[in-house]
Amino acid sequence: MERTAAVTRTTKETDIAVRLNLDGSGKAEISTGIGFFDHMLNGFARHGLFDLNCQVKGDLEVDCHHTIEDTGIVLGQAIRKAVGDKKGIVRYGTCILPMDESLVLCSLDLSGRPYYVSDVEFPTERVGEMDTQMVKEFFYAVSYSAAMNLHFKMLSGGNSHHMIEGMFKAFAKALDMAAAHDPRITDVLSTKGSL
Ligand SMILES: [Mn+2]
């Protein structure tokens, strides 16, 4: 059975609809109004082999902040819903991913306890229409709304586009690993008995 979730969220600032299939094949339909952010979400779906439909209408006349942060909230909610009771899944996922000169580490735990840690600083303020400050806001929102412990370390940085793209792809592959089933795990992988 495929693990899917559909989440919508409407506020005075944004109108967001996300459909996610953790057991997909990398099909993405993304429209956020921010070209570079679309490029990142496409990479997330493709490299995590998730199916992701993400339709966002945000107040881009203000700036990109609400649109990107709120997409993180809704994507996190969809991840949390799609992983469900977490029975039989690996729970932890880690990826070290190269993107030309950049090398990024992402490690996460679908622990039920939100925590976000990152040492990443970007050399430029923007990539396209996206403020690089919003990378933290996006992943922080994903981490608390998915209730996951999420870490990033930039082992080697350089070009902001490469650094951010490496983060989205490493996150996708780490999440795919954490959400994967292991036939040896018959219940929830925790000595507490729940996650
Ligand atoms: Mn690119």
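Our subject is the structure that appears above.
What comes next is a walk through the structure. (Residues numbered from 1 in each chain as written. Predicted model: local features only at pLDDT ≥ 70, side-chain atom pairs only at ≥ 80, totals over all residues. Heavy atoms only, no water.)

Considerations on helix H2 (residues 65-83)
Quick reminder: α-helices carry 3.6 residues per turn. Residues three or four places apart thus point the same way.
In step 1: Here H2 contains 19 residues, and its C-alpha end-to-end distance of 27 Å stays within 8% of the 27 Å for a straight helix at 1.5 Å per residue.
In step 2: Judged by how many residues are buried, H2 sits mostly within the fold: 14 of 19 residues are covered.
In step 3: Directly beyond the C-terminal end of H2, a positive phi value near 60 degrees is found at glycine 84. (Helix = DSSP H or I, 4+ residues; strand = E, 2+ residues; numbered from the N terminus. Expected span 1.5 Å × (residues − 1). Buried < 20%, exposed > 50% of the residue type's maximum accessible area, 1.4 Å probe, protein only.)

With respect to the environment of glutamate 137
In step 1: Residue position: glutamate 137 is located in helix H3 (residues 133-146).
In step 2: Placed 84 residues apart in sequence, glutamate 137 and asparagine 53 show a C-alpha to C-alpha distance of 21 Å.
In step 3: Residues within four places of glutamate 137 in sequence aside, it is in contact with His65 and Glu69. (Contact = heavy atoms within 4.5 Å.)

A short note on the coordination of the manganese ion
In step 1: Taken together, His39 (NE2), His161 (NE2) and Glu165 (OE) make up the protein donors of the manganese ion, found 2.0 to 2.2 Å from the metal.
In step 2: Site description for the manganese ion: donor spacing in sequence, H-x121-H-x3-E. With histidine 39 in helix H1 (residues 35-48) and glutamate 165 in helix H4 (residues 160-179), this residue pair connects regions lying 126 residues apart in the sequence.
In step 3: By relative accessible area, histidine 39 is classed as partly exposed at 38%. (Donors = N, O, S within 2.8 Å, 3.2 Å for Na, K, Ca; no water.)

Here's the deal with H4
In step 1: For H4, which comprises 20 residues, the first-to-last C-alpha distance of 28 Å matches the rise-based estimate of 28 Å (1.5 Å per residue) to within 8%.
In step 2: Judged by how many residues are buried, H4 sits mostly within the fold: 16 of 20 residues are covered.
In step 3: The backbone nitrogen of histidine 161 has a side-chain oxygen 2.9 Å away, supplied by the residue at the start of H4, namely asparagine 159. (Polar contact = N/O pair within 3.5 Å; in protein donor to acceptor, adjacent residues only side chain to side chain.)

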